[in-house]
Amino acid sequence: MAPLAALQATFLLALLSLRTCHSEVLSEPLPLTPESLKVSINSTQQCLHLQWSVHSLTYHKELKMVFQIEISRLKTSNVIWVGNYSTTVKWQQVLHWRWDSELPLECATHFVRMRGRVEARPWSDWSPWEAADAQGSLGNGSLFVFPEKKLVEEGSNVTICYVSRSRQNNISCYLQDDLLHGEQLDPNVSVFTLNNVPFIRETGTNFYCQEEMTKAIKGLVLFVSKVLEEPKDFSCETRDLKTLTCTWDPGPSTDLPSYPSTSYTLFESFSGKKKLCKERNKCTWQVAQDSQETYNFTLVAENYLRKRSVNIVFDLAHRVHPMTPFKVLLESISATNATMTWKVPSTGNSFIFLCEVELHGEGKVIQHNVSVEVDGQYVFRELEPATEYVAQVHCTAASHFWKWSEWADQKFNTLEAAPSMAPDVWRDVKSMLGSCNVMLFWKPLSKSHAHGEILFYNVVVENLHNPSSAKSFPIPAPANSTELALDECSHQIHVTANNSAGTSPAAVIVVSGDPENKEAEEERVEVTENGFSMSWKPPPGDVVGYVVDWCDRPRDSPCHLQWSHVGPNSTSTVIRSDDFRPGVRYNFRIYGIYPNRTAYLLEKKTGYSQELAPSDSPQVLIHDLTSHSFTLSWKDHSTDSWPGFICGYYVYLKSKAEQCQPEFQKIVLPDDSVGCVYKIDNPEQKTLVVGNLQPESSYEFAVIPYTRAGNSTPGAFTKVTTPDERSHMLLRILLPIAACLLLIAAALCYWKSQWMKEMCFPDIPDPYKSTVLSLLKPKENAHLTILNVKDCVPDTIEVVKKAEGGKSQFHGAGKPPTETACVKPDYVHILPAGKASLGPGACICFENLTYNEAADPGRCAHAPGPHQAPPSQLGLLSSPEGLLKSLEQNYMNTLAEIPAGDTALNYVSQLASPVSGDRDGLPAKPPKPEPELCCEYRMQMAVPPGLAPSSSD
């Protein structure tokens, strides 16, 4: 045991001694300082390339070392960057490292040094500073701008500088004509930092500097590209199990004209194959023939600045996108059924497809699923007749769904069928004496009920008292109304719709002989957001329903009747229509329909879907105009013409004084003038007395109706002027006076006309009805009759001859003769014998124009007569001067109107004597002649010359 213990002690001492020796060797610093440091400049990439080695490494020895690098600018003490670089160092290995500079290296001298260490040991000594100066190679020139060409991504920061060798150093720099202010790095260098540079255009952004003195310009083009994004939506699929198509979204393009475009590479890791894609968003890959089922693709996008990649792994059977079905056909088409067939491109290996069939028609979509390999078929049932449908199909893989194929579609039409519903019929009846006029309306059948194109409507009218006398009236489509003139108002009317496939059920309506309910009063109906809400009282007896009708165009002619059906258990409804227009009055009638199909008017309603303010004004008349008041009256238009229910009227009044009557309110009119307004709340009031006016003043008025929606602004005003008070009183006085004067004038005209007739044109043959002759009648002897036929015996008929000198020529009626005639016509006067006669030349001559037949008057012959006529005989002629002058003038005027002629026979009448006797009673000796008195009675008759006896007297 002792020797073993001694051996162990000896071994432990030896081991301790060896360990101590080894620790001493390792604790000594090894010479691992970097040596042979060389620094080069890459101006294109603006980076420093460092190259060095570690000579103190032993032979075939490798150490993991860390190198610390310092970079200074302008001077060694100005350290701008410190960093570590770790790597494994081998014996005699040359190490390389790169440092990218934000500042162009030509702008300043850079200094580099480094030191190294092994694991946790102390750092070695620094290597000497190594300078990198690019300004010595600039060449000749006074101004330089760096970098010469720069490519950065959008949003990056860029540092630009200029180097000037000018003593003045007065330089301005611009970015796209925008002046920039830089930082003075040293007396000849200025630095400009552009932060977050934008993308302006693909051709780059201009930066330039200009010397003030020499006008020298130096610059560069800064290219800014979009940031290369990672491809999105990377996916691969096959349509025929032979070719894979991979697609992706590349994002914004980063390509610039002066740089290589972005490249896309597709790499498959299982096969180790790679393919450079020709398109930037799609690439094709041939499926492996060795039945490879799983694929692992990596898509790499790379441009001049960066690289992006995306990866996808999938099973080929799960990425099948079938091709579009073809040969889609519709067969065995009837009114309600159709068969659809199609084909799917084959992919081999009994691949099963799931196809989805859709049918579009009448706003509906019907879907069905069908499993097929190559050929597919499906039968559509319960289709609508005479309807256009679109059938379409697409397919996908039945085992693993990936995507549907594109749709393949086909249009077809089902055949027609007979209409399935009776037309909806209504009527408007106007009764007359012994007959009635029925306007029959019906609504077109919907497409789902018409089952084809309606060709005509058949209207059958059957007299309920004589059913065998039914008449049929076919109405061609698309008419929806007809007018029937019936001899009695008790008929049953059948209406059917007909197409090429058959006839619809008949709609039956009865027109009763009973008149409508004329006692039904019209009530207003209120409108809600949903429409006209109305209700009514149920009639006595059973009804099968109600009908509410109205005109959707009330102001049009003829009325386009609309109606709505209501069930028998409801007595209210809401009428809504897209045709209702604001400001239009709608009149509703509510009918009850009895089991025998007759209709009875229950109630009438009227209302507006929306009331509007009236745009028209009534025609206003003015009555009772006085100096202080006038009355306005007006009439309404037809109630259907107003855009709302009239609630009253506004009466506007304007005057120059701008003063309002007590009942009026002062307002400012739209034309900024001051007026007055009076509100009438009663719509039935159509008159207004406007009082308290000023005489001889002008007023303007307007009457505007208003509804619940308001009133329109007053338009044109009517002007009225009040009269003067005095003129009004004067008018009251003058009117009666004028009426009296008119009556007097009428009476005078009537009396004057009678006087003229009696004066000039008395009744014939009695000449003494003349007023003139009545003056000559003796007043003493009332029994004496002048020129009475039974008392007047003619004594002599004398032929009177005109002398040559006595002829008168006249040029016209009313003109004086051209030659001198006798002043007084002389006639032969024959007086009764034994009586005193007139003196020489005295005559009384009267001529009745009625008996004048071209006889020319001659001269009056003068016979001896008494010196003085007794008063009893010629009392009326005792003072005849004025009368003779008048008679002489009348005679001469009349004579002028008688044309001149040959010798004529004139009847000369005798003078009536108060005492009858013969010639023997005349005195033997004539008395002393007296002044001649002559009264002329113009000739009563003309005697032919051949009948006149000759006489010497």
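Residues numbered from 1 in each chain as written. Predicted model: local features only at pLDDT ≥ 70, side-chain atom pairs only at ≥ 80, totals over all residues. Heavy atoms only, no water.

Peer 1: How do you make sense of the overall build of the chain when you look at a structure like this?
Peer 2: Scanning the chain for helices and strands turns up six helices and 59 strands. Relative to its 953 residues, the chain shows a buried fraction of 39%. Restricting the contact set of the chain to residue pairs at least 6 apart, pairs at least 24 apart contribute 67%. As displayed, the chain offers around 54,400 Å² of accessible surface, 52% of which is attributable to carbon and sulfur atoms. (Helix = DSSP H or I, 4+ residues; strand = E, 2+ residues; numbered from the N terminus. Buried < 20%, exposed > 50% of the residue type's maximum accessible area, 1.4 Å probe, protein only. Contact = heavy atoms within 4.5 Å. Areas by Shrake-Rupley, 256 points an atom, 1.4 Å probe, with all protein chains shown as cover.)

Peer 1: Looking at this structure, how should I read the nonpolar core?
Peer 2: Side chains of a nonpolar character, in soluble globular proteins, are inclined to be buried together. In terms of nonpolar packing, the biggest core is built from 33 residues, with Trp-426, Val-438, Leu-440, Val-459, Leu-484 and Ile-493 touching the most fellow members. Looking at this core, the element that brings in the most residues is strand E32 (residues 435-443), giving five residues. Every residue in contact with Ile-493, bar those within four places of it in the chain, is listed here: Val-438, Leu-440, Val-459, Val-460, Val-461, Leu-484, Ala-507, Val-508, Ile-509 and Val-511. (Core = buried A, V, L, I, M, F, W, Y, C linked by side-chain atoms within 4.5 Å.)

Peer 1: Can you walk me through a nonpolar patch on the surface in this structure?
Peer 2: Together, Ile-733, Leu-734, Ile-737, Leu-741, Ile-744, Leu-748 and Trp-751 line one region of the surface with nonpolar side chains, adding up to about 720 Å² of accessible area. Inspection of the secondary structure puts Ile-733 in helix H3 (residues 725-760). (Patch = residues over 30% accessible without salt bridge, like charges linked within 9 Å, V, L, I, M, F, W, Y side chains within 5 Å. Salt bridge = Lys/Arg side-chain N within 4 Å of Asp/Glu carboxyl O.)

Peer 1: Explanation requested: the packing of aromatic side chains in the structure shown.
Peer 2: Each aromatic ring pair is summarised here by two numbers: the centre-to-centre distance and the angle between the ring planes. Evaluated as defined, the whole model comprises 36 aromatic pairs. For the ring pair Phe-234 and Trp-248, a centre distance of 6.2 Å and an interplane angle of 65° mean the geometry is edge-to-face. Here Trp-248 lies in strand E18 (residues 243-249) and Phe-234 lies in strand E17 (residues 232-238), a separation of 14 residues in the sequence. Here Phe-234 matches Trp-248 in class, with each residue buried. Note on Tyr-378 and Phe-380: the rings are 5.4 Å apart at their centroids and 70° apart in plane angle, and the pair reads as edge-to-face. Among the aromatic residues, those joined into a cluster by ring pairs are Phe-532, Trp-550, Phe-580, Tyr-586 and Phe-588. Of note, Lys-654 hangs over the ring of Phe-717, and the distance from its end group to the ring centre comes to 4.4 Å. (Phe/Tyr/Trp six-rings, centres within 6.5 Å; stacked < 30°, edge-to-face > 60°. Lys NZ or Arg CZ within 6 Å of the ring centre and 35° of its normal.)

Peer 1: Looking at this structure, how should I read the sheet that holds strand E46 (residues 619-623)?
Peer 2: In any sheet, the strands associate via hydrogen bonds between backbone groups, in a parallel or an antiparallel arrangement. Ordered in space as E46-E47-E51, the three strands form an open sheet in which the pairing is antiparallel. Two strands close off the open sheet at either side, each with one partner strand: E46 and strand E51 (687-690). Looking at each pair of strands side by side, their axes are set apart by 25° on average, direction ignored. (Pairing = 2+ DSSP bridges. Axes fitted to C-alpha atoms, helices over the stretch in contact; angles between N-to-C directions.)

Peer 1: Is there a simple way to explain the sheet that holds strand E4 (residues 79-89) in this structure?
Peer 2: The sheet built from four strands is open, its strands ordered E4-E3-E6-E7 with antiparallel pairing. If you trace the sheet from one side to the other, it starts and ends with E4 and strand E7 (130-132), each paired once. The average angle at which neighbouring strand axes cross in this sheet is 25°, direction not considered. Here 10 bridges tie strand E3 (residues 63-73) to E4, and the two strands are oriented antiparallel to one another. Bridge pairing in E4 links Ile-71 to Trp-81.

Peer 1: What's the story with the pattern of salt bridges in this structure? I'm lost.
Peer 2: Pairing is possible between side chains that carry opposite charge, provided their charged atoms lie close to one another. Scanning the entire structure with this criterion turns up 19 salt bridges. Here Lys-443 makes a salt bridge to Asp-424, at a shortest N to O gap of 3.9 Å. With Lys-443 in strand E32 and Asp-424 in strand E31 (residues 424-432), this residue pair connects regions lying 19 residues apart in the sequence. A residue is classified by how much of its surface remains accessible, and Lys-443, at 28% relative accessible area, is partly exposed. We note a salt bridge from Asp-428 to Arg-589, for which the minimum N-O separation is 3.2 Å. Highlighted residues: Asp-428 in strand E31 and Arg-589 in strand E44 (residues 585-593), separated in sequence by 161 residues.

Peer 1: What is the right way to look at the confidence of the model for the chain in this model?
Peer 2: Parts of the prediction with low pLDDT should not have their coordinates interpreted in detail. Mean pLDDT over the chain: 78, with 75% of residues reaching 70 or higher. Predicted confidence for residues 16-29 stays below pLDDT 50, and this span has one contact to residues more than four positions away or in other chains. For the stretch residues 777-785, pLDDT sits under 50, and the model shows 11 contacts to residues farther than four places along the chain or on other chains. (pLDDT = per-residue confidence, 0-100.)

Peer 1: How do you make sense of the state of the cysteines when you look at a structure like this?
Peer 2: A covalent bond between the sulfur atoms of two cysteines is referred to as a disulfide. The tally for this structure, following the rule as stated, stands at five disulfides. Across the disulfide, Cys-355 is cross-linked to Cys-395 (sulfur-sulfur distance 2.0 Å). Across the S-S bond of Cys-355 and Cys-395 the torsion is about 100°, and the bridge reads as right-handed. A residue pair is termed long-range when its members are at least 10 positions apart, and Cys-355 in strand E26 (residues 353-361) and Cys-395 in strand E29 (residues 388-397) qualify at 40 residues. Of the two residues, Cys-355 and Cys-395, both sit in the buried class. Here Cys-660 engages in a disulfide with Cys-676; their sulfurs sit 1.9 Å apart. Between Cys-660 and Cys-676, the S-S torsion sits near -90°, and that sign places the bridge as left-handed. Here the residue Cys-660 occupies a position in the loop between strand E48 (648-655) and strand E49 (665-668), and Cys-676 occupies one in strand E50 (residues 674-680), the gap between them amounting to 16 residues. Of the residues examined, Cys-676 reaches a relative accessible area of 4% and is grouped as buried. (Disulfide = S-S within 2.5 Å.)

Peer 1: Looking at this structure, I do not really get the side chain of Asp-549. What am I missing?
Peer 2: With respect to the helices and strands, the residue Asp-549 is situated in strand E41 (residues 545-551). Taking relative accessible area as the criterion, Asp-549 reaches 1% and is therefore assigned buried.

Peer 1: Please explain the pairing of strand E25 (residues 338-343) as it appears in this structure.
Peer 2: In regular strands, side chains alternate between the two faces of the sheet. Of all the six residues making up E25, five are buried; the element is thus mostly covered by neighbouring parts of the structure. When strand E24 (residues 326-331) meets E25, the two strands line up antiparallel, connected through four bridges. Bridge pairing in E25 links Glu-331 to Thr-339. Here E24 hands over to E25 after six residues, with Ser-332 in that stretch at a positive phi of 50°. Of the pairings in the sheet, the one linking E25 to strand E28 (residues 375-380) comprises six bridges and is antiparallel in character.

Peer 1: Is there a simple way to think about unusual backbone geometry in this case?
Peer 2: Phi is mostly negative for residues that are not glycine, and the peptide bonds are mostly trans. Residue Phe-146 is joined to Pro-147 through a cis peptide bond whose omega torsion reads -5°. Positionally, Pro-147 belongs in the loop between strand E8 (143-146) and strand E9 (149-153). A cis amide bond links Ala-477 with the next residue in sequence, Pro-478, at an omega value of 10°. Note on placement: Pro-478 falls in the loop between strand E34 (466-476) and strand E35 (481-486). In this model, Leu-74 sits at a positive phi of 75°, which is unusual for a non-glycine residue. With respect to the helices and strands, the residue Leu-74 is situated in the loop between E3 and E4. Accessibility expressed as a relative area gives 35% for Leu-74, which makes it partly exposed.

Peer 1: Would you mind going over the environment of Gln-377 with me for this structure?
Peer 2: Examined against the element boundaries, Gln-377 turns out to sit in strand E28. Judged by relative accessible area, Gln-377 falls into the exposed class, the value being 51%. Taking the C-alpha atoms as reference points, Gln-377 and Leu-330, separated by 47 residues in sequence, lie 9.8 Å from one another. With residues near it in sequence (within four places) discarded, Gln-377 still touches Thr-339, Met-340, Thr-341, Trp-342 and Val-370.

Peer 1: Where do I start with the side chain of Glu-358 in this structure?
Peer 2: Locating Glu-358 in the fold gives a position in strand E26. Lys-411 is the oppositely charged side chain nearest to the buried, salt-bridge-free Glu-358, at an N-O distance of 15 Å. A distance of 3.0 Å separates a polar atom in the side chain of Glu-358 from a polar atom in the side chain of His-360. Looking at Glu-358, its side chain comes within polar contact range of the side chain of Gln-367, at 2.6 Å. Here Glu-358 is in contact with Val-365, Ile-366, Gln-367, Val-390, Ala-391, Gln-392 and Trp-407, once residues within four sequence places are set aside. (Lys, Arg positive; Asp, Glu negative; His and termini not counted. Polar contact = N/O pair within 3.5 Å; in protein donor to acceptor, adjacent residues only side chain to side chain.)

Peer 1: So what exactly am I meant to see when it comes to the pairing of strand E38 (residues 507-511) here?
Peer 2: For E38, a buried count of four out of five residues is recorded, marking the element as mostly surrounded by other parts of the structure. Summarising the sheet, strand E36 (residues 491-499) and E38 pair through five bridges and their orientation is antiparallel. Within E38, the residue paired with Ile-493 across the bridge is Ile-509.

Peer 1: Please explain the environment of Val-112 as it appears in this structure.
Peer 2: For Val-112, the location among the structural elements is in strand E6 (residues 110-118). Along the chain, Val-112 and Ile-69 lie 43 residues apart, while their C-alpha atoms are 7.2 Å from each other. Contact partners of Val-112, with chain neighbours within four places excluded, come to Leu-37, Val-39, Leu-48, Leu-50, Ile-69, Glu-70, Ile-71, Pro-128, Trp-129 and Glu-130.

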